[in-house]
Structures are given as structure tokens and as C-alpha cells.
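Each chain is listed here by its residues.
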Amino acid sequence: IEYFPNNRVEIFNRNGKKVYEANGYNNADVLFDGKSNRGISVMGNNLPPGTYFYIIYKNDGSKPVVGYLELVD
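Trainee: Please provide a residue-by-residue account of the pattern of salt bridges, values included.
Mentor: Taken as a whole and assessed by the stated rule, the structure comprises 5 salt bridges. Between Glu10 and Arg8 there is a salt bridge; the shortest N-O distance is 2.9 Å. Glu10 gets classed as buried once you look at its relative accessible area, which sits at 6%. Note that Arg8 and Glu21 form a salt bridge whose closest N and O atoms lie 3.7 Å from each other. Highlighted residues: Arg8 in strand β1 (residues 8-12) and Glu21 in strand β2 (residues 18-23), separated in sequence by 13 residues. The buried category is assigned to Glu21, whose relative accessible area is 18%. In the salt-bridge network here, residues are joined through shared partners; they are Arg8, Glu10, Lys18, Glu21 and Arg38.

Trainee: Describe the side chain of Ser36, and please don't skip the residues or the numbers.
Mentor: Looking at where Ser36 falls in the secondary structure, it is placed in the loop between β2 and β3 (50-57). Looking at Ser36, its side chain comes within polar contact range of the main-chain oxygen of Arg38, at 2.7 Å.

Trainee: Lay out the pairing of β1 in plain terms, naming residues and giving numbers.
Mentor: Among the 5 residues of β1, 4 are classified as buried, and the element is accordingly described as predominantly covered. In the sheet, β1 pairs with β2 via 5 bridges, with the strands oriented antiparallel. The partner of Arg8 across the bridge, within β2, is Asn23. From the end of β1 to the start of β2, which pair antiparallel, there are 5 residues, and Gly16 there has a positive phi angle of about 85 degrees. Bridge count for β1 against β3 is 5 bridges, and the pairing is antiparallel. Opposite Glu10, over in β3, you have Ile55 as the bridge partner.

Trainee: Quick rundown of the sheet that holds strand β4 (residues 65-71)? Include the residues and the values.
Mentor: Across the sheet, 4 strands lie side by side as β2-β1-β3-β4; this open sheet has antiparallel pairing. Taken across any chain shown, the strands that pair with only one partner, and hence form the sheet edges, are β2 and β4. Taking the axes of each pair of neighbouring strands and ignoring which way they run, one obtains an average angle of 20 degrees across the sheet. Of the pairings in the sheet, the one linking β3 to β4 comprises 7 bridges and is antiparallel in character. Within β4, the position partnered with Gly50 by the bridge is Leu71.

Criteria and cut-off values
Along each chain, numbering runs from 1 in the same order as the chain's sequence is written. Since the coordinates come from a predicted model, pLDDT governs what is reported: local features require at least 70, and pairs of side-chain atoms require 80 or more to be given and counted, while whole-chain, interface and lining totals use all residues. Where side-chain values are given, they derive from all heavy atoms of the structure, hydrogens and water being excluded. A pairing counts as a salt bridge when a side-chain nitrogen of Lys or Arg comes within 4 Å of a carboxyl oxygen of Asp or Glu. The buried label applies to any residue whose accessible area, calculated with a 1.4 Å probe on protein chains only, is under 20% of its type's maximum; exposed applies above 50%, and partly exposed to all values in between. Per the convention used, a helix needs a DSSP run of H or I reaching at least four residues, while a strand needs a run of E reaching at least two, with both numbered from the N terminus. Here a polar contact is taken to be a pair of N or O atoms separated by no more than 3.5 Å, where protein atoms must pair a possible hydrogen donor with a possible acceptor and residues adjacent in sequence count only if both atoms sit in side chains. DSSP bridges decide pairing: two strands pair if at least two such bridges lie between them. Angular values range over 0 to 180 degrees, each being the angle between N-to-C directions of two axes fitted as lines to C-alpha atoms, with helices fitted over their stretch in contact.

The quantities given are spatial measurements derived from coordinates; they are silent on function.
Pasting the structure below:
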């Protein structure tokens with residue numbers, strides 16, 4: 001992801017509600033640590049275990065990267 005500094009990352013719960021969003025995601029100081037910063041949860045709340053869907057927009061004219069991640073206890 002460091003090759004795409006203008007990226008945007010979005011993560012959604014199983015109901016399709018956005019629970020996380022970040023611009024310039026870099027796995028260092030801008031990263032997903034299992035806490036919500038969007039949506040119905042209070043900001044900073046730990047998300048429950050489960051499967052989440054992500055979209056990475058590289059913002060370089062290519063198709064977004066999509067996939068799933070699993071949060072476990």
C-alpha cells in the first residue's frame with residue numbers, strides 16, 4: 001500500500017454499514033486496529049469479532065482492490 005500514498009481504505013460490516021474510513025492508509029500511523037471510526041458505533045469503539053468487507057481505492061486509475069478480513073477475539 002506504500003506505493004499508493006493517495007489511497008483511501010473503507011471497511012464495512014456484514015450489514016454493509018461503513019465502520020472505518022481512512023485516506024493515506026500506510027500500516028504505520030494510519031491503520032485499522034479493529035476500532036470503528038465511522039457508522040453506528042461510537043468512534044473508537046472496538047468492533048465485534050466477525051467478517052468485514054474492505055475496499056482499497058488506489059486512486060491511480062486502476063480498479064479498487066476488494067476483499068474480506070476477519071476480526072477474532
